Amino acid sequence: MERLKRIIITIVITIATVVFLLGFIDKSNSGKETEKADIVYSIDDIPDDMRNIASLSTRQQDIICAVSKGLIEIDSQGKMMPALAKSVDVTDNGIQYNFTIRDDVFWSDGKSITADDLVQFFREILTEENEDDIEALMNVYGARSYLNNEGNFKETVAIWAEGNNLIIRLNSIDDDFLVQLSKPQYRLRKNVLSWEFINNNYTSLVYSGDYYISSMDENQIILHRNEKSNTDIPKVLSIIEDKSEDIALAAFEVGNRDIVVNPPRNQLQRLKEEGKLITLPSNKAVYASFNLDECAIPINGRKKVYSLLDSAIRNYIENNESSMICAEGKYYRNEESSAAKLQERKVLTNVDNFWDDEESITLIAENNIDNKELINIISDWIEKNTSYTLVVKLVDKEDIGGIIDEGYYDLIVFNSEVNSEDDVYKVIDEYNEELSIETWQEDNYFNIEDNMFNSYSILPILFYNENIAVNNNITGVTLDCNVHIDFSAIRKYGLFIETLFILILFIFSLYRIRFRIVILVNIII
């Protein structure tokens, strides 16, 4: 009887002690979730307007990719992955797409995502977005007629739902259609207009992605995993604004950031040696556009200058291989030109062309961080290895058109996101008016490319790499084909160790409490 009494008193005191300790757990903020972030990700600017997705920077679009999903996704190797759609069938000679929507995809409020939701979304963005930002939809049958007020959406535009299938019919074959649909502006959102004032509206929105925005201000966005998302992915993401690469890396070094995209280039080699750097190919290319006026540099001079640019970049890459690669004659990174043609261009670039008519070279570039670093690399090499003087003018982007018209330059160095022939055409359109859209349609792309290279008018210089500084306890950091981070693939193994450690401490604490309670009971008895 005495033993039973001691056991009952011990249990009662233990329960009372645990309840008392639970009272110290923070339950404030009126239900607002305050868990510690599993992943802290650095970004250079927190957007307060997320309506026009195409106008956001690539890193800002990472937020969109975390909180919304598209019909399909494409990884960095070009492999199509199911997202909202589990399959797609292309019929009718390549102009009709039938997407079968998965039955296990949900909004953040727990409701199923349906084909009708996607029809409504496409109607919204077709109405609200700039045409240049939704080119894929502009080829949908009836889209232009609808925008010209020639009928309502349901009866005019060939986007409709049949049960759990979404069907889209195009005007003409578009081999790039699925790649276009993988871009963030085509990821499913509700009430698109409300995303313009995201600071005020984020709590009232529902989200189609793995995460929803639980809180945000001008310096930070907190994302929480949706209840029906994969429980293996991090539960809480903190996206923090760092105004410069140096500030972001400093925070990374002391453990306050887990992921920093494109840290300062002068730190890449050290981060690589420490095993904290992931280097991936990107579509960001740099070109040289030469002035072709009669009074400008002749073709032998353009050959010489291009050769100098190439030599300067190759010299830099020898000790900075993570930063960039030489273009090697390619106009976009995944170009499938013949090996013989690329080798011929490489040989032509490396030939020692004679040109001594000019003592100075006037180079124009947009005034931004990447160009400042690149021009410094080129200028330093030319100064140390040649007798030429490089006169550099960094200007605002909107002033470049006027400089081209006036012709007071030898070459313009510029960068652009280029992933296809169509992207190259856009580059041509901006920097070489002699090649019109009509010429593109009449001529073979590779003939146009050969013409540009052989005339030394617009020439590829390099392709940047995408570099990501990652803490050692994080794995699975990858980019998709649009160079966005795939948060669903990230794993932080330190979370398991940290949880196990906390659990051990809790059990040990309970054991010590029980031991002291037993002593107290013995005294009472």
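Presented here is a report on the structure given in the accompanying data block. (Residues numbered from 1 in each chain as written. Predicted model: local features only at pLDDT ≥ 70, side-chain atom pairs only at ≥ 80, totals over all residues. Heavy atoms only, no water.)

**Focus on helix 2 (residues 58-67)**
Part 1: When you tally the buried positions in helix 2, you get nine out of 10 residues, the bulk of the element.
Part 2: Among the residues of helix 2, those classed as buried are Arg59, Gln60, Gln61, Asp62, Ile63, Ile64, Cys65, Ala66 and Val67.
Part 3: Where helix 2 is buried, its residues contact strand 1 (39-43), strand 8 (211-216), strand 9 (220-225), strand 10 (236-241), strand 11 (259-261) and strand 17 (458-470). (Buried < 20%, exposed > 50% of the residue type's maximum accessible area, 1.4 Å probe, protein only. Helix = DSSP H or I, 4+ residues; strand = E, 2+ residues; numbered from the N terminus. Contact = heavy atoms within 4.5 Å.)

**Focus on the side chain of Asp480**
Part 1: Mapped onto the secondary structure, Asp480 falls in the loop between strand 18 (474-475) and strand 19 (491-492).
Part 2: Buried charge without a partner: Asp480 forms no salt bridge, and the closest opposite charge is Arg187, 4.1 Å away.
Part 3: Setting aside its immediate chain neighbours within four residues, Asp480 contacts Ile74, Asp75, Ser76 and Arg187. (Lys, Arg positive; Asp, Glu negative; His and termini not counted. Salt bridge = Lys/Arg side-chain N within 4 Å of Asp/Glu carboxyl O.)

**Brief notes about empty space enclosed by the protein**
Part 1: What the rule picks out here adds up to one cavity of 30 Å³ or more.
Part 2: Estimated volume of the largest cavity: approximately 50 Å³.
Part 3: Along the walls of the largest cavity sit Tyr306, Asp310, Arg314, Glu328, Gly329, Arg345, Lys346, Thr349, Phe453, Pro460 and Ile461, which together make up its complete lining.
Part 4: Going through the elements one at a time, helix 11 (299-317), helix 12 (339-350) and strand 17 are the ones with two or more residues in the lining of the largest cavity.
Part 5: Split by residue class, the lining of the largest cavity holds four nonpolar, two polar and five charged. (1 Å grid on protein atoms, 1.4 Å probe; cavity = no way out; pocket = protein on both sides within 12 Å on 5 of 7 lines; lining within 4 Å. Points joined across faces, edges and corners; volume = space filled by probe spheres on them. Nonpolar A, V, L, I, M, F, W, Y, C, P; charged D, E, K, R; others polar.)

**Here's the deal with the pattern of salt bridges**
Part 1: Counted by the stated rule, this structure contains 23 salt bridges.
Part 2: In this structure, Glu73 engages Arg187 in a salt bridge whose closest nitrogen and oxygen atoms are separated by 3.6 Å. Remark: Arg187 occurs in the loop between helix 7 (177-181) and helix 8 (198-201) and Glu73 occurs in strand 2 (residues 72-74); sequence separation between them is 114 residues.
Part 3: Among the residues examined, Glu73 registers a relative accessible area of 22% and is labelled partly exposed.
Part 4: Across the salt bridge formed by Glu253 and Arg270, the nearest N and O atoms sit 2.4 Å from each other. Of this pair, Glu253 sits in helix 9 (residues 245-253) while Arg270 sits in helix 10 (residues 268-273), and the two are 17 residues apart along the sequence.
Part 5: Salt bridges linked by common partners bring Arg265, Lys284, Asp370 and Glu373 together as one network.

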